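# Structural overview
Residues per chain, in single letters:
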Amino acid sequence: MEKAIVTLKKGEGRTLKAGGMWVYDNEIASITGDFEDGDLIYVHDFDSYYMGCGFINTKSKITVRMLSRVKGEEIDKAFIRRRVQAAWDYRKKVVDTSSCRIIFGEADFLPGIVVDKFADVLVVQSLALGIDRLKKDILDELVDVLKKDGISIRGIYERSDAKVRENEGMERSKGFIGDPFDTKVEIIENGVKYMVDIAEGQKTGFFLDQKYNREAIKKLCKDARVLDCFTHTGSFALNAGLAGAREVTGVDASSLGVTQAEENALLNGLQDKVNFICEDVFELLPRLEKEGELYDVVILDPPAFTKSRNSVKNAIKGYREINLRALKLIKDGGFLATCSCSHFMTPELFTETVGQAAKSAKKRLRQVEYRTQAPDHPILWAADESYYLKFYIFQVCEEK
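Everything in this summary refers to the structure shown in the same document. Keep in mind it's a predicted model, so treat the numbers as computed, not measured.

## What to know about the pairing of strand E9 (residues 121-126)
Of all 6 residues in E9, 6 are buried, a share of seventy percent or more. Burial along E9 is two-sided: the residues Val121, Val123 and Gln125 and Leu122, Val124 and Ser126 are all buried. Looking at chain direction, strand E8 (residues 113-118) and E9 are connected through 6 bridges and run antiparallel. Bridge assignment links valine 114 to a residue of E9, and that residue is glutamine 125. The pairing of E9 with strand E10 (residues 155-160) spans 4 bridges and is parallel. In the strand pairing of E10, valine 124 is matched with glutamate 158.

Written out as structure tokens, the structure is:
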């Protein structure tokens, strides 16, 4: 059956023409031909120029997600194999693949799907209707690609339980794909052992995107007193402990997260040096300041304070507040590691916000380094949504 055609309005599709992967509903002049949501369609510019092939969903503001720009290219199993093979070949070059993100949606030209590998287990998150139809073929090809490299996958778990699926008119979904298996998976990253709970942990069970940022703080932590805020399952705190920190405190508001962090500390023999408390960071930091506590290193790894443009102003207040409070707890010459994982908190906005916090705290910042997400979460230029993690390390100086 001939595919339907989406025709862009004159002057629209600027992001698409620059290399982006999305067509928004307000960029479309017309849709001709028969289709159902989730079907593959062609995209033409206003003058009938061929722009590519993607899948459509009229329930979503992102009406088309592009799969191919090559005219005449079939979206079949051979196509999927090429995409999957390219994604895996890239990871083998740029990261430790024992645990890594193998497919990162748009940045791997497979929009709307994420696949993480934890040791010998895969976790998949499918967030778009069209890619959901290709999910089985993608996973089948991926398992085969890994097998050819001597990696045997013992199980696949689906974590398509994110709220954004509802924007696509899809129900949330979670559970085993294929035979059941133990969903507690032990991994090793930067020499640190973790028990990853892929069924109940956040997102796909563990945040792989901070892998090399966690490694980067190690050099600052020898003999240091360290405070790790929003510790989740203890990852930055454990890296600090293994790096030779004198004392480490990890803080998180989630009792489940703290329990998992304590189990991870035990797994690494760090239970006497790395301690965790279940508290709200916003309430704890002012109290520590009043008590006169000081640290050599403070780490801020908060969840995304904004998931839409509408809530950016409130997010700025949150980031400014925690950075201000953290800066007041750092000894002269100590270090702050601070980050934002929200796509809508742009690098410029985050930089400005941290600067405002430093000014209010009467501290001067010396930038040690600026980092982003690990390279298994590649940033595809023109696809702004793929660039989300901003990570600074500063030396904190008193006014001189």
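Text resumes after the structure shown.
## What to know about the packing of aromatic side chains
The final tally for this structure, using the stated rule, is 15 aromatic pairs. Seen in terms of ring centroids, tryptophan 22 and tyrosine 24 are 6.1 Å apart; in terms of plane orientation they differ by 85°. Their pairing is edge-to-face. Given a relative accessible area of 34%, tyrosine 24 falls into the partly exposed group. Both rings, one in phenylalanine 350 and one in tyrosine 392, keep their centres 6.2 Å apart while their planes meet at 25°; by these two values the pair is stacked. On the criterion of sequence distance, the pair formed by phenylalanine 350 in helix H9 (residues 347-360) and tyrosine 392 in strand E20 (residues 390-398) is long-range, its members being 42 residues apart. A relative accessible area of 8% means that tyrosine 392 is categorised as buried. In textbook terms, an aromatic cluster arises when at least three aromatic residues are bridged by ring pairs, as seen for Phe230, Phe282, Phe305, Tyr319, Phe350, Tyr370, Tyr392 and Phe394. Cation over ring: arginine 225 sits above tyrosine 295, and NZ or CZ is 4.4 Å from the ring centre.

## Points about the environment of leucine 336
Along the chain, leucine 336 falls in strand E18 (residues 330-340). Through-space distance from the C-alpha of leucine 336 to that of tyrosine 295 is 9.8 Å; in sequence the pair is 41 residues apart. Setting aside residues up to four positions removed in sequence, leucine 336 forms contacts with Val298, Leu300, Asn323, Ala326, Leu327, Ile330, Tyr392, Ile393, Phe394 and Val396.

## Quick word on the state of the cysteines
With the rule as written, the count across this model stands at 0 disulfides. Here cysteine 221 stays free of any disulfide, with the sulfur of cysteine 229 as its closest cysteine sulfur at 13 Å. Cysteine 221 gets classed as buried once you look at its relative accessible area, which sits at 0%. As a non-bridged cysteine, cysteine 397 has cysteine 221 as the owner of its nearest cysteine sulfur, 17 Å distant. On the basis of relative accessibility, which here comes to 10%, the residue cysteine 397 falls in the buried class.

## Notes on the pattern of salt bridges
Working definition: two side chains of opposite charge can pair if their charged atoms are close together. Under the defined criterion, the tally for this structure stands at 37 salt bridges. A salt bridge links arginine 82 to glutamate 73; the nearest nitrogen and oxygen atoms lie 3.0 Å apart. With relative accessibility at 44%, the residue arginine 82 sits in the partly exposed group. Here glutamate 247 ties to arginine 225 by a salt bridge, and the two come within 3.1 Å at their closest N and O atoms. With glutamate 247 in strand E15 (residues 247-252) and arginine 225 in strand E14 (residues 225-229), this pair connects stretches of sequence that are 22 residues apart. Here the residues in one salt-bridge network are Arg81, Glu141, Asp144 and Lys148, joined through shared partners.

Criteria and thresholds
- Residues numbered from 1 in each chain as written.
- Predicted model: local features only at pLDDT ≥ 70, side-chain atom pairs only at ≥ 80, totals over all residues.
- Heavy atoms only, no water.
- Buried < 20%, exposed > 50% of the residue type's maximum accessible area, 1.4 Å probe, protein only.
- Helix = DSSP H or I, 4+ residues; strand = E, 2+ residues; numbered from the N terminus.
- Pairing = 2+ DSSP bridges.
- Phe/Tyr/Trp six-rings, centres within 6.5 Å; stacked < 30°, edge-to-face > 60°.
- Lys NZ or Arg CZ within 6 Å of the ring centre and 35° of its normal.
- Contact = heavy atoms within 4.5 Å.
- Disulfide = S-S within 2.5 Å.
- Salt bridge = Lys/Arg side-chain N within 4 Å of Asp/Glu carboxyl O.

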